Amino acid sequence: MKKIAVFPGSFDPFTIGHEAIIRRAMSLFDEIIVAVGSNALKKNFYSLETRMEMINKVFEDEPRVRVDYYEGLTVDFCKKNGAGYLLRGLRTSADFEFERAIGQVNRSMAPEIETVFLLTVPEHSFINSTIVRDIIRSRGDASKFVPSAINLKDYKGIKD
Ligand code: ADP
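For the structure given in this document, a descriptive report is provided here. (Residues numbered from 1 in each chain as written. Predicted model: local features only at pLDDT ≥ 70, side-chain atom pairs only at ≥ 80, totals over all residues. Heavy atoms only, no water.)

## Overview of the overall build of the chain
At step 1: Within the chain one finds 5 helices and 5 strands.
At step 2: Ordered by position in the sequence, the α and β elements of the chain form the string β-α-β-α-β-α-β-α-β-α.
At step 3: Taking 160 residues into account, the globule formula puts the C-alpha radius of gyration at 15 Å, and the chain, at 15 Å, falls close to it.
At step 4: Across its three principal axes, the chain shows a C-alpha extent of roughly 45 × 35 × 30 Å.
At step 5: Out of the 160 residues in the chain, the part that is buried amounts to 49%. (Helix = DSSP H or I, 4+ residues; strand = E, 2+ residues; numbered from the N terminus. Rg over C-alpha atoms; globule rule 2.2 N^0.38 Å. Buried < 20%, exposed > 50% of the residue type's maximum accessible area, 1.4 Å probe, protein only.)

The structure is reproduced here in structure tokens:
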């Protein structure tokens, strides 16, 4: 059976931290679906379309990575796509506490789906989308925190 993993997140924007987790996970899974959460209540900086376009650019030569979006429960999205694994990255102990709660709730809702955590490499442990977003909003240069395939000048934030 094909090993399919879902990597869910806001990716607002997608960073080199996210990219590294996916590239490392490619040796574990046959296919990875990057699932962009489209929570209408969440105030995003980049639109759903822009976030998906950025991620597609990063993996345009990688047929085993697919970009999609979802609303509602992550486990429902996994089931709909035949994914048996949820992939998450861990940076800090704060991440761990947060992920533990989500992972255990997901497990109680869908025990057949296994959550797999990859520890970030130390040089990415301080990178998070909130900080990258703040740099962009303040007109700073955030290019070293996003994958080289993403040229931030090509994209506009919703309230830019
Ligand atoms: P969320 O909205 O769920 O916080 P994010 O877009 O921030 O989503 O992150 C999605 C996943 O990527 C999470 O598992 C998060 O821990 C992981 N992640 C984010 N930044 C990094 C990083 N710098 N290194 C490793 N994993 C990361």
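## Brief notes about the environment of Asn-44
At step 1: Relative to the helices and strands, Asn-44 is located in the loop between β2 (31-37) and α2 (48-58).
At step 2: Among the residues examined, Asn-44 registers a relative accessible area of 15% and is labelled buried.
At step 3: In this structure, the C-alpha to C-alpha distance between Asn-44 and Val-132, residues 88 residues apart in sequence, is 13 Å.
At step 4: Apart from residues no more than four positions distant in its own chain, Asn-44 is found in contact with Asp-12, Asn-39, Arg-51 and Ile-158. (Contact = heavy atoms within 4.5 Å.)

## Some words on the packing of aromatic side chains
At step 1: Tallied over the full model, the rule gives 7 aromatic pairs.
At step 2: The interplanar angle of 55° and the centroid separation of 5.6 Å between the aromatic rings of Phe-11 and Phe-14 together place this pair among those described as tilted. Judged on exposure class, the residue Phe-11 and its partner Phe-14 are both buried.
At step 3: Arranged with centres 6.3 Å apart and planes meeting at 85°, the rings of Phe-126 and Phe-145 form a pair that is edge-to-face. (Phe/Tyr/Trp six-rings, centres within 6.5 Å; stacked < 30°, edge-to-face > 60°.)

## Here's the deal with the site of the ligand
At step 1: For the ligand, the set of nearby residues contains 17 residues, the closest of which are Ser-10, Phe-11, Gly-89, His-124 and Ile-127.
At step 2: Contacts to the ligand include Ser-10, whose side-chain N or O atom sits 2.5 Å from an oxygen atom.
At step 3: At 2.6 Å from an oxygen atom of the ligand is found a main-chain nitrogen or oxygen belonging to Gly-89.
At step 4: Bound to the protein, the ligand loses 87% of the 550 Å² it would expose on its own.
At step 5: Contributions of two or more residues to the shell around the ligand are made by β1 (4-9), α1 (16-25), β4 (85-90) and α4 (93-109). (Near = heavy atom within 4 Å. Polar contact = N/O pair within 3.5 Å; in protein donor to acceptor, adjacent residues only side chain to side chain. Areas by Shrake-Rupley, 256 points an atom, 1.4 Å probe, with all protein chains shown as cover.)

## Let's talk about α2
At step 1: Considered for burial, the residues of α2 that qualify are Leu-48, Thr-50, Arg-51, Met-52, Met-54, Ile-55 and Val-58.
At step 2: Where the residues of α2 are buried, they touch α1, β2 and β3 (65-70).

## Looking at the sheet that holds strand β5 (residues 114-119)
At step 1: In spatial order, the strands read β3-β2-β1-β4-β5; together these 5 strands make up an open sheet with parallel pairing. The two strands at the open ends of the sheet, each matched to only one other strand, are β3 and β5. Strand-to-strand, the axes of this sheet are offset by a mean angle of 30°, without reference to chain direction.
At step 2: By the bridge criterion, 6 bridges tie β4 to β5 in an arrangement that is parallel. Within β5, the position partnered with Arg-88 by the bridge is Phe-117.
At step 3: Across the sheet, α1 lies against β1, β2, β3, β4 and β5, angled at about 115° from β5, the strand it touches most.
At step 4: The sheet strands contacting α4 are β4 and β5, and the helix crosses β4 at an angle near 170°. (Pairing = 2+ DSSP bridges. Axes fitted to C-alpha atoms, helices over the stretch in contact; angles between N-to-C directions.)

Geometric descriptors of this kind do not, in isolation, establish any biological role.
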